[in-house]
Amino acid sequence: MTDRLVYWAYALGWAVLKHLPERVARALFDRLADYAWRKRGKRVLQLEANLRRVRPGLDEVALRALSRAGMRSYLRYWMESFRLPVWSRERIARDVQVEGFEHLRGALEAGRGAVIALPHMGNWDLAGTWVAQQGHPFTTVAERLKPERLFDRFVEFREGQGMEVLALTGGGVNVIGTLARRLREGRLVCLVGDRDLSEAGIEVSFFGEATRMPAGPAALCQRTGAALLPVTLWYDGPLLRALIHPEVPVPAEGDRKERTLAMTQAMADVWERGIAEHPEDWHMLQRFWLADLPVRETVGGTAGEQVGERVLPVRGDAPEPAGEPAAEATGS
């Protein structure tokens, strides 16, 4: 799709979908998900390859059923996100159920600040809106995307939900420094952190195979004393459920690199358990494990401390409403 078509596809979603009856919007996006699933394009095939790692014992029939549920979950995320600006506070309070909120509240009440780190699960935008409505607005990071006005629309959308959005590049802001300052002020930072295939990523074991995840969440917490809180999300009928897990502590021994690796692996272990329980809600439709990558392929590399993987769709990753949905679409 050209930049113009990409922009108007998203603009149409925001403009039209919020006016449709709920049942019509859900039925429409279920049909889009099923169309993409039946078409068996490269994104669906990659989703199935990823799900084989998560559920290695499945036969082909069960795997296909799981990938269909995964595509419906992924398109549900988009349907809800397009409609979210018109959802009432009462609707969000009813439809989002969070366990473990005491971990976040305790860190913020102690003035430490907290980093919520989550994988591409469920609906990050909806969960973030719920957190902001509890009186905890937060800061996140977005990679700039084309066309520029589409990036501006995503920023406007998320800021409207109570988020401070920092552009990873081109914004004239020291992103790492700003995040660290927010944490030292006792505030909240939220980052998507389950995929970073750049050379700056930390290699971890995930479902028994090697992948890379960003060092940023662990590095920021070491730098500021903030609490690192992994989160998992999943759908349960009409509800979005979230579990805020206990803090990942900073190891008492080892140098900074060793502590960062240990914390990132501990975070990955938490996500692994959550994804194993709810694999259909892990929206990973692109290559994830290092074994699947061509030699020397990297994604989204920025030098130094990575603050998170791509958190908005970028050109080539954005879902096409009339075609096969692609991958990187949860926020951060």
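As shown above, the structure is provided for reference.
This is a predicted model, so every value here is computed, not measured.

Basis of the calculations
Residues numbered from 1 in each chain as written. Predicted model: local features only at pLDDT ≥ 70, side-chain atom pairs only at ≥ 80, totals over all residues. Heavy atoms only, no water. Helix = DSSP H or I, 4+ residues; strand = E, 2+ residues; numbered from the N terminus. Buried < 20%, exposed > 50% of the residue type's maximum accessible area, 1.4 Å probe, protein only. Contact = heavy atoms within 4.5 Å. Areas by Shrake-Rupley, 256 points an atom, 1.4 Å probe, with all protein chains shown as cover. 1 Å grid on protein atoms, 1.4 Å probe; cavity = no way out; pocket = protein on both sides within 12 Å on 5 of 7 lines; lining within 4 Å. Points joined across faces, edges and corners; volume = space filled by probe spheres on them. Nonpolar A, V, L, I, M, F, W, Y, C, P; charged D, E, K, R; others polar. Pairing = 2+ DSSP bridges. Polar contact = N/O pair within 3.5 Å; in protein donor to acceptor, adjacent residues only side chain to side chain. Core = buried A, V, L, I, M, F, W, Y, C linked by side-chain atoms within 4.5 Å.

Scanning the protein chain from N- to C-terminus turns up 11 helices and nine strands. Buried residues in the protein chain amount to 57% of all 332 residues. Taking all contacts inside the protein chain whose residues are at least 6 apart in sequence as the whole, residues at least 24 apart take part in 77%. Here the protein chain has roughly 13,800 Å² of accessible surface; of this, 52% comes from carbon and sulfur atoms.

Time to look at empty space enclosed by the protein. Under the definition given, this model contains three cavities of 30 Å³ or more. Reported here for the largest cavity is a volume of approximately 130 Å³. Contributing to the lining of the largest cavity are 13 residues, with Ile 116, Ala 127, Gly 128, Val 131 and Val 231 lying nearest its centre. Breaking the lining of the largest cavity down by element, the ones donating at least two residues are strand E2 (114-118), helix H7 (124-133), strand E8 (227-236) and strand E9 (239-244). Among the residues making up the lining of the largest cavity, the classes are represented as 12 nonpolar, one polar and no charged.

The buried fraction of E2 is high, at five of five residues. A two-sided burial pattern is seen for E2, the buried positions comprising Ala 114, Ile 116 and Leu 118 on one face and Val 115 and Ala 117 on the other. Two elements, E2 and strand E5 (residues 188-192), share five bridges in a ladder whose sense is parallel. For Ile 116, the partnering residue across the bridge sits in E5 and is Cys 190.

Right, let's talk about the side chain of His 120 for a bit. Relative to the elements of secondary structure, His 120 occurs in the loop between E2 and H7. By relative accessible area, His 120 is classed as buried at 2%. Side chain to side chain, His 120 and Asp 194 meet in a polar contact 2.6 Å long.

The next subject is the nonpolar core. Met 71, Leu 104, Phe 206, Leu 228 and Trp 282 are the most contacted members of the largest nonpolar core, which totals 85 residues. It is helix H4 (residues 60-83) that provides the largest number of residues to this core, a total of nine residues. When sequence neighbours within four positions are dropped, the list of residues in contact with Phe 206 reads Thr 211, Met 213, Ala 268, Trp 271, Glu 272, Ile 275, Trp 282, Phe 288 and Trp 289.

Looking now at unusual backbone geometry. One non-glycine residue, Arg 40, adopts positive backbone phi at about 55 degrees. In this structure, Arg 40 sits in the loop between helix H2 (22-39) and helix H3 (42-54). Take Arg 40: its relative accessible area is 33%, and that puts it in the partly exposed class. Look at Phe 207: it is not a glycine, yet its phi comes out positive at around 50 degrees. Looking at the secondary structure, you find Phe 207 in the loop between strand E6 (202-206) and strand E7 (209-213). Take Phe 207: its relative accessible area is 16%, and that puts it in the buried class.

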